[in-house]
Amino acid sequence: MSEPPAKKRSRRTDPAPDPTSGKPTASKRAAQSGDTKKVPAGQQGRRVAAAGPASDSPEAQKAYEALRAVVAGSTDSVSAKDLQGRYLLINEAGARALGRSVEQVLGRDDSELLPPEQAADAIAKDRQVLSTGQTITFERVEHTPGGARVLLSTQGVLKDTAGQAFGTFCVHRDITRHQRVEEEQSLNVERLRLCMEAAQVGTWDWDIQAGRIRWSENIDSILGGVPGGPGDTYEAFLQRVLAEDRTRFAQQVAAALKAPADFEAEFQVYVPQGAPRWMRSKVRVLSRDGQATRMLGTLKDVTRELQMEEESRRAVDFQEQLVGIVSHDIRSPLGAIISWARIMAAGGPPPEEQQRTFKRITSAALRIERLTRLLLDFARARLGGGITLEPRRCDMRELLQKVTHEFRVAYPDRAVSFEVEGADSHGSWDPDRLGQVLSNLLENALKYSPPDTAVRLGARGEKDQVVLAVHNQGKPIPSELMPHIFEPFRRGPQSSRTAKTSYGLGLYIVQEIVHAHGGTIEVRSDIEEGTTFTVCLPRVPPAAMELMKRPSPVAPQRP
């Protein structure tokens, strides 16, 4: 006779058998005997927590055991409570976070386990999810003896197969470390942004496979607000590079794509206003299997840096040239003056040589005086903020006549003429400075023209300006020298006749004086027409306008 089938356990009423004996637990035995008061609260919690799956099928049992293993092995805090807030389940991580063992937590509620404020908050969250039926996720800070912890919590409703709520669940994940990493990363980004702003350095990231470039936020200010931005493709940015630098830069990029290697590049880019700017880029090339996949680079405006390097180089050149001038151009005539002075003190040369000796002494002294004046003007122009003017009402015709007369006396063997066109040749200028301009230009014209040719000086009065022109015949100025003709210490073609009297400062001083008057100067030179320097001067220069704006002094009133 076969045994009757075993009675099926009820999930709600029958406890799971003891894992070792297969018999009901002590709590079940107590319940069957009616002595429920003797079952400790913790044992009640374990009874509910240990309940098995609703189905006794092997698959359901395996799934239940797998779920229990996941919960037990999770580093997150996992717990479940009944509708009264008593813990039905909690894993080791959750109990450890409460500072208790699993047995000490099961069957108790938050008011027994947490400080009052934390307990009230936990109970409120349970009520919230039970009333709404929605699962919520939130962050909260928990203060412990070991310091503050940041928890990412997910809390929701437990429902049975009929859809009825029978409790709540909660999963806490400690994200303190992750949040600190995020905060540190955020600080690092801000530090990097601050460094980039202070150094005026931008960054770019070219994803070669995707064909797109990402730029840092400050790239617009570095590139001077280029309309449309620098472009998000390599081809678009390449069009921003100055034409004369584009080929060289493209070749560097192509070489790095063919054989991946880091490189540096300097090139000019167009800007909306002003001259092109010099950029310096340091490039890191990332590759995979020998193929370039990405380029990371910096971009820095080095225009001012290169200008300062050029100014420093020019300063060094100037120092060397100044030493040469002082050691040669001043010492030589000064030595001649001292030598002839000693001869004069010793009784002097023969009477027939005395006049020539006086002329030699005077010529050497004038040479020193002229060079000293040029150096002073040069120092004022370069270090003192420009040439100073004392403008007053004067007539250009009278000025031309005076300068022409002086040169005819000084150079009796040369033909020097002047001509004035137009009825009005007046303006507000500094006559002494303009006399210096005309003298330097005339002296250059006489110096670099054949002795048997004439030098012409002309002036033409126009509505708002007066135009001056100094013309001479002879060899043209070399084409390679034309772009630098007004730079200091640039000398024209030297001959034995001009080598001792040319310092390379005259035309620089001329240009500075003209610019101080608000005017312009240009030069044309060819073999057929000769060389002509043309100066355009406004009748009222900026310096004179500034004086006119100043209020007239008020005379003191008599009592």
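Thresholds applied
- Residues numbered from 1 in each chain as written.
- Predicted model: local features only at pLDDT ≥ 70, side-chain atom pairs only at ≥ 80, totals over all residues.
- Heavy atoms only, no water.
- Helix = DSSP H or I, 4+ residues; strand = E, 2+ residues; numbered from the N terminus.
- Buried < 20%, exposed > 50% of the residue type's maximum accessible area, 1.4 Å probe, protein only.
- Contact = heavy atoms within 4.5 Å.
- Areas by Shrake-Rupley, 256 points an atom, 1.4 Å probe, with all protein chains shown as cover.
- pLDDT = per-residue confidence, 0-100.
- Salt bridge = Lys/Arg side-chain N within 4 Å of Asp/Glu carboxyl O.
- Pairing = 2+ DSSP bridges.
- Axes fitted to C-alpha atoms, helices over the stretch in contact; angles between N-to-C directions.
- Phe/Tyr/Trp six-rings, centres within 6.5 Å; stacked < 30°, edge-to-face > 60°.
- Lys NZ or Arg CZ within 6 Å of the ring centre and 35° of its normal.

## Observations concerning the overall build of the protein
Okay, so step 1: Counting secondary structure elements, the protein contains 17 helices and 17 strands.
Okay, so step 2: Counting all 559 residues of the protein, 35% fall into the buried class.
Okay, so step 3: Pairs at least 24 residues apart make up 54% of the contacts formed inside the protein by residues separated by at least 6 positions.
Okay, so step 4: Only carbon and sulfur atoms are counted for the fraction: they give 53% of the accessible area of the protein, which is about 34,400 Å².

## Observations regarding the confidence of the model for the protein
Okay, so step 1: Looking at the protein, pLDDT values average 81 and 81% of them are 70 or higher.
Okay, so step 2: Between residues 1-51, whose pLDDT stays under 50, and residues either more than four places distant or in other chains, the model counts 47 contacts.
Okay, so step 3: Scored below 50 in pLDDT, residues 495-501 makes 12 contacts in the model with residues more than four places away or belonging to other chains.

## Structural notes on the pattern of salt bridges
Okay, so step 1: A complete count under the given rule lists 20 salt bridges for this structure.
Okay, so step 2: In this structure, the salt-bridge partner of D76 is R173, at a minimum N-O distance of 2.7 Å. Here R173 lies in strand 5 (residues 165-174) and D76 lies in the loop between helix 3 (58-73) and strand 1 (77-82), a separation of 97 residues in the sequence.
Okay, so step 3: When its relative accessible area of 44% is taken as the criterion, R173 is described as partly exposed.
Okay, so step 4: In the salt-bridge network here, residues are joined through shared partners; they are D205, D207, R214 and R294.

## Side note on the environment of R360
Okay, so step 1: Tracing the sequence through the fold places R360 in helix 13 (residues 351-383).
Okay, so step 2: Once the C-alpha coordinates of R360 and I337 are considered, the two residues, 23 residues apart in sequence, prove to be 7.9 Å apart.

## Focus: the sheet that holds strand 16 (residues 520-526)
Okay, so step 1: Taking strand neighbours across the sheet as the criterion, the five strands line up as 12-14-15-17-16 in an open arrangement whose pairing is mixed. Two strands bound the open sheet, and with one partner strand each, they are strand 12 (415-421) and strand 16. For this sheet the average axis-to-axis angle between neighbouring strands, irrespective of direction, equals 15 degrees.
Okay, so step 2: In this sheet, strand 17 (residues 530-538) lies alongside strand 16 in antiparallel orientation, the contact comprising seven bridges. By the bridge assignment for strand 17, S525 is matched with T531.
Okay, so step 3: Across the sheet, helix 16 (residues 506-516) is in contact with strand 16 and strand 17; its angle to strand 16 comes to roughly 140 degrees.

## Structural notes on the pairing of strand 2 (residues 87-90)
Working note: regular strand, side chains alternate between the two faces of the sheet.
Okay, so step 1: With three bridges joining them, strand 1 and strand 2 adopt antiparallel strand pairing. Looking across to strand 2, one finds that K81 is bridged to Y87.
Okay, so step 2: Between strand 1 and strand 2, which follow one another and run antiparallel, lie four residues, and G85 among them has a positive phi close to 90 degrees.

## Quick word on the packing of aromatic side chains
Okay, so step 1: Using the criterion set out here, one finds seven aromatic pairs in the structure.
Okay, so step 2: Taking 6.3 Å as the distance between ring centres and 80 degrees as the angle between the ring planes, the aromatic pair formed by F486 and F533 counts as edge-to-face. Residue F486 is located in the loop between strand 15 (465-472) and helix 16, and its partner F533 is located in strand 17; the two are separated by 47 residues in the primary sequence.
Okay, so step 3: Note on F486: relative accessible area 13%, which makes it buried.
Okay, so step 4: F533 sits in the buried class, given a relative accessible area of 7%.
Okay, so step 5: Through a chain of ring-to-ring contacts, the aromatic side chains of W215, F237, F249 and F267 assemble into a single cluster.
Okay, so step 6: Its end group placed over the ring of F138, K125 keeps NZ or CZ at 4.7 Å from the ring centre.

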